[in-house]
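# Residue-level structure breakdown
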Amino acid sequence: MASIGEALASALDHLKAGRHAQAETLYGRILDADPGNAEALHRLGLLAALRGEHERALPLLARSVESAEAAGTPDPDALFNLAIVLHVLLRTEEAIAAYRRAVALRPDFPDAEHQLSEALQGIGRIGEALAVLDILLARHPHHARGWRQRGDIEAALGRPGAAVGFYEMALALDPADDASAVRLTAQTATFHARRAVLDARLPDGRHDLRDTTFLIPFRADSEDRKRNLRWIAAYLLKHADTTILIGEDKDGPSDVADALGPELAARCRHLHLTGNDTPFTHKAHLLNRMVEAADTPVVALHDTDIVVDPVQYVLARDATRENGRSGGGGMVFPYNGLFFWIMGREVFRFGHTLSAAPLNAVCKHFPLMHNNSPGGGAFFDRARLLAAGGYNENFLSWGYEDDEIVERFHRLGLPVKRTAGPLYHLEHARPENSTDLNPFIDANRAELERIRAMDGAAIRADIAAGRLCRPLLSMRDLADRRPPLPDGQAR
């Protein structure tokens with residue numbers, strides 16, 4: 001009768017030769033005799049993963065790792081395969097921990113290092129991903145996939161010139177790398193498009209966006225908001241010849257002049273809706289009135305606290321005009337979905353420089369709020385936006401209104417596009433109006449789900465019947481939403 005060691009060797013021969021069924025049978029028999037055998041558990045888990053049975057593979061690999069560690073012989077290969085399965089199952093933080101343990105056991109483990117960097121990039125920890133890649137590529141300069149990923153990161157950060165160089169390196173090492181070839185072509189085109197925008201600047205160095213009105217809905221709910229409005233308005237006017245329309249929906253005097261100062265306020269238009277006597281904004285209603293008040297063919301929603309590279313504004317405007325010429329009338333985001341939260345002194349550096357370049361240099365060290373965000377800013381053909389129902393006024397305060405308009409445009413068959421490069425969000429205080437603690441969040445979520453359940457014809461019927469419109473928010477609405485407080489307590 002063969003020993004466990006002989007059976008393991010025979011099973012491994014079957015595995016290497018591609019005789020997976022025989023290998024699996026033999027590993028199963030080994031486990032019948034030795035239920036905690038780390039190698040048999042590892043190989044059975046690997047075979048299940050190769051068949052795409054990741055839920056079955058996971059406990060086998062986890063038991064293998066535990067058994068090997070209990071025996072004092074931790075196995076970096078088992079940890080690596082466990083990490084891959086966790087990664088596929090979107091348990092990314094656990095995968096990262098397992099990749100790191102594998103690399104700690106085998107410091108020169110290029111496949112684990114590459115997978116670790118991809119996992120880190122996938123959850124927005126760009127700086128950590130680059131640190132891992134730097135070590136990998138210094139030790140293994142012929143690792144083609146590592147150079148490709150380096151190009152992917154540069155492309156995501158809106159640096160097509162750098163991305164081109166890294167994709168060229170990957171292709172030089174592996175001419176059959178079709179993924180690098182496709183991305184090289186795309187980033188070369190992006191580089192030339194950016195170059196053309198820069199070459200077309202006006203004599204004063206600004207971009208010609210006179211056909212665009214930037215719509216900035218504003219509520220002075222913190223000093224941070226007022227500061228950010230001042231900086232964003234100055235930034236837009238520094239880099240573009242354009243129109244800025246700032247909107248408020250609040251009772252009482254306007255806060256815009258105080259936030260901007262007289263000189264900057266004189267260079268911006270202002271729309272002040274009165275009647276909202278709550279501490280919450282009715283952003284969708286306000287935006288629609290701002291779109292109606294604009295007199296340019298292109299309008300761009302622009303939140304108070306966001307920054308993108310000025311070139312991205314021009315590329316988004318150009319894509320919007322192309323949508324209009326083709327009759328599509330969709331929406332164009334001036335960024336690729338990466339939404340970085342900029343904090344601390346870098347916020348003030350932006351206020352001093354009014355430049356996106358320093359933010360691009362440091363963003364990899366800041367949290368990625370979203371890697372496919374629907375918020376912050378979007379460009380529209382003005383007339384077609386109104387024809388598509390504008391913003392859905394059933395959304396009150398903050399939450400889900402940006403998701404809804406994307407869903408609605410998809411269901412109406414209208415294109416939704418993005419431009420290359422990230423978005424930077426400037427830190428600010430977040431009162432109840434700006435969080436999911438507001439009293440309207442559940443109703444907003446329900447409205448999003450209602451739209452998701454409809455087809456294009458039903459949505460068009462809603463638009464025609466005016467069901468996406470409603471009066472401006474007021475205290476009457478708020479009284480219906482807030483739960484009563486115990487006797488004797490004031491809100």
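Above this text you will find the structure in question.
Described below are features of the structure shown in this document. Since the structure is predicted, the reported quantities are computational estimates derived from the model, not experimental observations. (Residues numbered from 1 in each chain as written. Predicted model: local features only at pLDDT ≥ 70, side-chain atom pairs only at ≥ 80, totals over all residues. Heavy atoms only, no water.)

### Some thoughts on the packing of aromatic side chains
- A full pass over the atoms with the stated rule returns 13 aromatic pairs.
- Arranged with centres 5.2 Å apart and planes meeting at 80 degrees, the rings of F214 and Y313 form a pair that is edge-to-face. Here F214, found in strand β1 (residues 207–217), pairs with Y313, found in helix α16 (residues 310–325); they are 99 residues apart in sequence, far enough to count as distant. As far as the burial class goes, F214 and Y313 line up, both buried.
- Between the aromatic rings of Y335 and F339, the centroid separation amounts to 6.4 Å while the plane-to-plane angle is 70 degrees, which identifies the pairing as edge-to-face.
- The exposure class assigned to Y335 is buried, which follows from its relative accessible area of 0%.
- Accessibility expressed as a relative area gives 8% for F339, which makes it buried.
- A network of ring pairs unites the aromatic residues F80, Y99 and F109 as a single cluster.
- The positively charged end of R227 is found above the aromatic ring belonging to F348, 5.2 Å away from the centroid. (Phe/Tyr/Trp six-rings, centres within 6.5 Å; stacked < 30°, edge-to-face > 60°. Helix = DSSP H or I, 4+ residues; strand = E, 2+ residues; numbered from the N terminus. Buried < 20%, exposed > 50% of the residue type's maximum accessible area, 1.4 Å probe, protein only. Lys NZ or Arg CZ within 6 Å of the ring centre and 35° of its normal.)

### Structural notes on the environment of D177
- Here D177 is to be found in the loop between α10 (160–173) and α11 (178–199).
- Only 3.1 Å separates the side chain of D177 from the side chain of R148, close enough to count as a polar contact. (Polar contact = N/O pair within 3.5 Å; in protein donor to acceptor, adjacent residues only side chain to side chain.)

### Observations concerning the packing of helix α2 (residues 20–33) against helix α3 (residues 38–50)
- Where α2 contacts α3, the two axes come as close as 9 Å, and the packing angle between them is 145 degrees. For the pair α2 and α3, the sense of crossing is left-handed. In this structure, α2 uses H20, A23, E24, Y27, G28, I30 and L31 to contact α3, whose residues at the interface are A40, L41, R43, L44, L47 and L50.
- Residues of the contact of α2 with α3, tallied by class, amount to nine nonpolar, two polar and two charged. (Axes fitted to C-alpha atoms, helices over the stretch in contact; angles between N-to-C directions. Left-handed = near helix turned anticlockwise from the far one by under 90°. Contact = heavy atoms within 4.5 Å. Nonpolar A, V, L, I, M, F, W, Y, C, P; charged D, E, K, R; others polar.)

### Structural notes on the nonpolar core
- Residues I244, I246, V307, F340, F350 and F380 are the most contacted members of the largest nonpolar core, which totals 112 residues.
- With eight residues, the top contributor of residues to this core is helix α12 (residues 223–239).
- Among residues more than four places away in sequence, those in contact with V307 are I232, Y235, F350, A356, L359, L423, Y424 and L426.
- Counting 16 residues, the second-largest nonpolar core is a separate cluster that includes A11, L26, L31 and L46. (Core = buried A, V, L, I, M, F, W, Y, C linked by side-chain atoms within 4.5 Å.)

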